[in-house]
Amino acid sequence: MNVTATADKLSIARLRVRPIRIAELSLVAFFAFVTGLPLLFLLGGSFNLAAPGQAALYGVANWARAFNDPTTVNALWMSFLLSGARLIPAVMIAVLFAWLIARTDMPGGNSIEFFCWMAYFIPDFPLTLAWILLLDPNYGLLNTLALKLPFVHTAPFNPYSFWGIVWVHTSTGGIWFKVILLTPVFRRLSAALEEAARVAGATTTAMLWRISVPLLSPMILAVSVLSFIRGLQSFNTELLLGTPAGIYVYSTRIYDYIRREPASYGEATALGSVFIIALGILLFLYWRFLRGKRRFTVVTGQGYSTARVRLGRWRYVASAGCTLYIVIMTLLPLAFLTIGSFMRRYGFFSISSPFTLAHWQDVLSDPIFFLALKNSLLIATITAGVGVALYSIVAYVLVSRRAVVAPVLEALCWLPHILPGILLGLGILWLFLATPLRFVFYGTTWGIALALMVSDSPVTTQAFRAGYLQLGADLEEAARVAGASWGYTYRRILLPLLAPIAGAIGLMNFGGALTSISTPVLLYSHQSRPLAILMLEYSVTGELERGAVLGLLITAIICVMMLIGRRLGLQLSGQQ
Amino acid sequence: MRPFVILLMALLWSAPVLAQSRAGEKEWNTIIEGAKKEGKLVVAGSPDPVMRNEIIPKFKERYGIPIEFIAGRSSEISARIKTERGSGIYSVDVYLSGPDTTATTLYGEKMIDPLKPLLIMPEVADGTKWKLGKIWFADPEERFAVRGFSSVATLLFINTDQVKPDEMRSAKDLLNPKWRGKISTEDPTTTGSGANSAARFYHDLGEDFVRKLYIEQKTVRTRERRQMSDWLARGTQPICLSCREDDVRPLIKEGFKILEIFELADMPGSINGSPWMLTLANRAPNPNAAQLFANWILSKEGLGIYARGYGSVSMRTDIDETNLNPGNIPKKGVKYFDDTDWKWIVTGRQEYREKVWQVLKTAK
């Protein structure tokens, strides 16, 4: 009888475990296919020295050539310096913003959050040009005004410098990306812990530093890792501001190899391997820190309070500070960007009749604009919707104690982050063409959406993971005890609690899909051409004014989606 | 009787000519019909407003065939097409590409078919319509790559509010310490017009000149073409080595005092084949449409659109050049440096670019 009872328990245990095991292995297989295979293709290609059309000949010459270049090491060091220099203040400012918006009674929090979102989606290229108009040492508006002061004899601002690059990055996506991801997790923080700290005599600052930040460290660290790697890969701003000053970054070297004729993808991939090493080290430290899930749980079955921290008179100071920061860092260059879109020549106020509607008319009357817009909206919707559903499940598997190969799955989800967009696009192109996938995906909006979803995997997975870490296991256990299936629990308990994160990530991916150029450029066809290709054309042909128009239109679309998404998210989470 | 014999002989003499003409017309009509049946044409090239705004509508209007234009940077297009071909997909009919892509990738990797036997449109096949007496095939076999343009390139631009024309008579004038930090160029350390200019300087004037110009003169580099022309107009960098004519000419029209310099005393003018070379993809999915387009784009109508759109000097004799900048029109009897010469593209230019990169990257 004992043997039978034991056998019955084992078979029940196997039945209980099987769905998670199936999900886990299926996801590993899927991501090994869509992220692992393209990377293997790129790495394999980097060791192939044969000329195109000839039999493969393997060796390390591409790698040797890439790393023997004397400028490579300098560029790598510069990238680390720039990424590090802007990471620390950016994280501090982003944490402060997120806390003020989500946890305090600061007035205007909703509006400030809205502007943070809007700021994130303004394309950084035209925004950088706007900063040049403001800060150029020879004709920048702010320098011109400053030089009128009696005690100012030389132009105080110069964007063509190390700190100029850091400054511009703090106004483009860098900080806002972190605010967008941190605000929902701050919102989920239970006020009970803050109340307990206050009763124990802690000041607001101590509470933030000793309670809130440690509890949210998974997300803060994830965001920091993502941002640091992103910083290493950043190069648009560095191209504009760094080249005149002789500042070259690592991604510029990769970009140079890709631009050659014929393109040197072997050397570019070899250089990209540095990101694998950087990511590997950071992930190792990240995982060590995260060992032990219960330290970060804030939402349990025992009640949950969302009361806000009262700042007293300081709330007006906080509101004014945040507003001033947004005005200086975003609205000022945005105003120049908007003005530029109505100028005959961007930044030239002295020419006759400097303003015109012609660029807006040209863009809106372009025969491919509305088709490209339709394609882009479709691609963005698929990317956001399917991505949220898929990665919420991936993140669930990652935090599940029952998952066995979670580290493998997580590593596969991080892989797209180490590849520059054009290399990722090339890898996925190969994947489509080398498999039966090409009949379904190649040249279609679904194919572009799949590629963009793959590129979103690190951010989306980590955001959901941090969200799950905040939820106590007792919530799921209570549902199971009450007889709910996993699907029911996911839909009725987990998803509503994760709605703010799901909404934030969905919108972020939606906006990213609208603006991404490097991934779709290899995958589109005439029928699936997105707006990104139009942006590429304006960039290559130097039509800055039309590029500004398109950037503003995309920002406006995302603002509308934001308002809709926010309303839906609040309804889903049961908030007003 | 005699008039009858003369008439008979005239008929006998003209019959083969007429028959040939009718056969050619029949063949041409067959191609048009075949192209219409194929229903579309796929062209690959760099982002090109003239293609999108004028060529595509005009071709559709003329023949009823829509063009799908796959645009991207040349390295991206090459990577995509090579990967497609490796998987047995042949999606492109015609390439309109720069000389580097044409010579090193398309021709070098045998991705194109001979174009010469397919150019049968009477106004294209007629040698009298071309300045050289024939179509200019740029490749060594003279069969694959057509060069439809040859314009004198602007060597450099100066803002005459800061730089007097007399102060820029020879390349050595660029080394005047007065211009330190006042010269801009597209970044010569990467592939592009900046590197091409630097290669030309190295070829004509040597390593020492390149070192002095790009390093000691603290030439300001950028990768954004509009930055150079804006600096030129504002006078912050009143000398521009690799500004684009289509960026600068609108500024000249606005009244900015900018002068185009086409040659210097120690550096003769150069010509180039911008904006593209024409080639036919091999295993084109729409061969009739491809042949139709190739003929049409080389006709007076097709080349004329590009000549007006880019201000380029075509190789045809029947396109109006009165609207072009006279400085861009090659003068008879003048020997120019041909920046689009095939041999220069395939060997010389790359070799000199590498030399320039060695100088610039190892400099402190």
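Residues numbered from 1 in each chain as written. Chains lettered and ligands numbered in written order. Predicted model: local features only at pLDDT ≥ 70, side-chain atom pairs only at ≥ 80, totals over all residues.

Caption draft 1: Quick look at the overall build of chain B. Counting secondary structure elements, chain B contains 12 helices and 14 strands. Out of the 364 residues in chain B, the part that is buried amounts to 46%. Restricting the contact set of chain B to residue pairs at least 6 apart, pairs at least 24 apart contribute 77%. (Helix = DSSP H or I, 4+ residues; strand = E, 2+ residues; numbered from the N terminus. Buried ≥ 20, exposed ≤ 12 C-beta atoms within 10 Å, placed from the backbone. Contact = placed C-beta atoms within 7 Å.)

Caption draft 2: Seen up close, the overall build of chain A. Regarding its fold elements, chain A presents 25 helices and 0 strands. Taken over the C-alpha trace, chain A has a radius of gyration of 25 Å; the compact-globule value for 576 residues is 25 Å, and the two agree within 12%. The principal-axis extent of the C-alpha atoms belonging to chain A is close to 95 × 75 × 45 Å. Across the 576 residues that make up chain A, the buried fraction comes to 48%. Put simply, of all contacts in chain A between residues at least 6 apart along the chain, 78% involve residues at least 24 apart. (Rg over C-alpha atoms; globule rule 2.2 N^0.38 Å.)

Caption draft 3: Quick look at the interface of chain A and chain B. Each partner contributes residues to the interface: chain A has 35 residues there, and chain B has 41 residues. Elements supplying a minimum of two residues to the side of chain A that touches chain B: helix H3 (70-103), helix H12 (236-242), helix H13 (250-259), helix H19 (421-434) and helix H24 (531-540) of chain A. Broken down by element, the side of chain A that touches chain B gets its largest block of residues, 5 residues, from H19(A).

Caption draft 4: Layout of the sheet that holds strand S6 (residues 151-153) of chain B. Residues and elements named next belong to chain B. Spatial strand order, S6-S12-S14: 3 strands in an open sheet with mixed pairing. Each end of this open sheet is capped by a strand with a single partner; those strands are S6 and strand S14 (337-338). With 2 bridges joining them, strand S12 (residues 270-272) and S14 adopt parallel strand pairing. In the sheet register, Ser-270 faces S14, and the bridge partner there is Phe-337. (Pairing = 2+ DSSP bridges.)

Caption draft 5: Representation of the sheet that holds strand S7 (residues 156-159) of chain B in the model. All names here are of chain B. Ordered in space as S9-S8-S10-S7-S11, the 5 strands form an open sheet in which the pairing is mixed. Across the chains shown, the open sheet's two edge strands, defined by having one partner strand only, are strand S9 (220-222) and strand S11 (258-261). As defined by bridge partners, strand S8 (residues 183-186) adjoins S9 across 3 bridges and the pair is classed as parallel. Each bridged residue has a counterpart across the sheet, and for Thr-185 the counterpart in S9 is Arg-221.

Caption draft 6: Fine view of the packing of helix H21 (residues 445-469) of chain A against helix H23 (residues 486-515) of chain A. All names here are of chain A. Closest axis-to-axis distance for the H21/H23 pair is 10 Å, and the angle between their directions is 160°. The angle between the axes of H21 and H23 places the two elements in the roughly antiparallel class. H23 is crossed by H21, and the crossing has right-handed handedness. Of the residues in H23, those touching H21 at Leu-452, Asp-456, Thr-460, Ala-463, Phe-464 and Gly-467 are Leu-498, Ile-501, Ile-505, Asn-509, Gly-512 and Ala-513. Considering only residue class, the contact of H21 with H23 consists of 7 nonpolar, 4 polar and 1 charged. (Axes fitted to C-alpha atoms, helices over the stretch in contact; angles between N-to-C directions. Parallel < 35°, antiparallel > 145°, perpendicular 65-115°, else oblique. Left-handed = near helix turned anticlockwise from the far one by under 90°. Nonpolar A, V, L, I, M, F, W, Y, C, P; charged D, E, K, R; others polar.)

Caption draft 7: Structural detail: unusual backbone geometry. Residues and elements named next belong to chain B. In this structure, the amide linkage connecting Ser-274 to the following residue, Pro-275, adopts the cis form with an omega of 10°. Assignment of secondary structure puts Pro-275 in the loop between S12 and strand S13 (277-281). Not every positive phi belongs to a glycine, and Lys-110 is a case in point at roughly 55°. Within the fold, Lys-110 resides in the loop between helix H4 (99-107) and strand S4 (112-113). Backbone geometry at Arg-283 places phi at a positive 55°, although glycine is not the residue there. Structurally, Arg-283 can be placed in the loop between S13 and helix H10 (287-297). Classification of Arg-283 as partly exposed rests on a count of 14 C-beta atoms within 10 Å.

Caption draft 8: Seen up close, helix H6 (residues 193-205) of chain B. Residue and element names in this part refer to chain B. For H6, which comprises 13 residues, the first-to-last C-alpha distance of 18 Å matches the rise-based estimate of 18 Å (1.5 Å per residue) to within 8%. Taken as a whole, H6 has its buried residues at Ser-193, Gly-194, Ala-195, Asn-196, Ser-197, Ala-198, Ala-199, Arg-200, Phe-201 and Tyr-202. Residues of H6 that are buried make contact with S8, helix H7 (207-216), S12, S14 and helix H12 (342-362). Looking one or two residues beyond H6, the residue adopting positive phi is Gly-206, at roughly 95°. (Expected span 1.5 Å × (residues − 1).)

Caption draft 9: Up close: the domain arrangement of chain B. Residue and element names in this part refer to chain B. Here chain B is partitioned into domain 1 (2-151 + 273-330) and domain 2 (156-268 + 344-362). Computed from C-alpha atoms alone, the centre-to-centre distance between domain 1 and domain 2 is 34 Å. The partner domain 2 presents 6 residues to the 7 residues of domain 1 that form the contact. Class assignment for the residues of the side of domain 1 that touches domain 2 results in 3 nonpolar, 3 polar and 1 charged. (Domains from an automatic or database assignment.)

Caption draft 10: Molecular detail of the environment of A:Leu49. Residue and element names in this part refer to chain A. Mapping Leu-49 onto the fold places it in the loop between helix H1 (2-46) and helix H2 (61-68). Owing to 14 C-beta atoms within 10 Å, Leu-49 belongs among the partly exposed residues under this scheme. Each C-alpha atom, one on Leu-49 and one on Gly-59, is 6.3 Å from the other, the two residues being 10 residues apart in sequence. Setting aside residues up to four positions removed in sequence, Leu-49 forms contacts with Leu-57, Tyr-58, Gly-59, Ala-61 and Asn-62.

Caption draft 11: Representation of the pairing of S13(B) in the model. All names here are of chain B. Most of S13 is tucked away, with 5 of its 5 residues classed as buried. Across 4 bridges, the pairing between strand S3 (residues 94-97) and S13 is antiparallel. What sits directly across from Ser-97, in S13, is Met-277. As paired strands, S4 and S13 are joined by 2 bridges and run antiparallel to one another. From the neighbouring strand, Ile-112 faces S13, where its bridge partner is Ala-281. As paired elements, strand S5 (residues 146-147) and S13 share 2 bridges and run antiparallel to each other. By the bridge assignment for S13, Val-146 is matched with Leu-278.

Caption draft 12: Local environment of the nonpolar core. In this structure, A:Ala98, A:Cys116, A:Ile180, A:Leu182, B:Val94 and B:Phe293 are the most contacted members of the largest nonpolar core, which totals 222 residues. If one sorts the elements of this core by residue count, H3(A) sits on top with 14 residues. Discounting chain neighbours no more than four positions away, the residues touching A:Ile180 are A:Cys116, A:Trp117, A:Tyr120, A:Ala504 and A:Met508. Core analysis: the second largest hydrophobic core is formed by 35 residues, B:Phe157, B:Cys243, B:Val248 and B:Ile258 among them. (Core = buried A, V, L, I, M, F, W, Y, C linked by C-beta atoms within 7 Å.)

Caption draft 13: Representation of helix H4 (residues 109-121) of chain A. All names here are of chain A. For H4, spanning 13 residues, the distance from its first C-alpha to its last is 19 Å, which sits close to the expected 18 Å at 1.5 Å a residue. Within H4, 10 of the 13 residues are buried, leaving the element largely enclosed by the surrounding structure. Of the positions making up H4, those classed as buried are Gly-109, Ile-112, Glu-113, Phe-115, Cys-116, Trp-117, Met-118, Ala-119, Tyr-120 and Phe-121.

Caption draft 14: Inspection of the domain arrangement of chain A at higher detail. Residues and elements named next belong to chain A. Split by domain assignment, chain A resolves into domain 1 (18-44 + 353-576) and domain 2 (60-341). Relative to domain 2, the C-alpha centre of domain 1 lies at a distance of 21 Å. Listed as interface residues are 44 residues of domain 1 and, on the opposing side, 42 residues of domain 2. With 11 residues, helix H25 (residues 544-572) is the largest single contributor of residues to the side of domain 1 that touches domain 2. Counted by class, the side of domain 1 that touches domain 2 contains 31 nonpolar, 11 polar and 2 charged residues.

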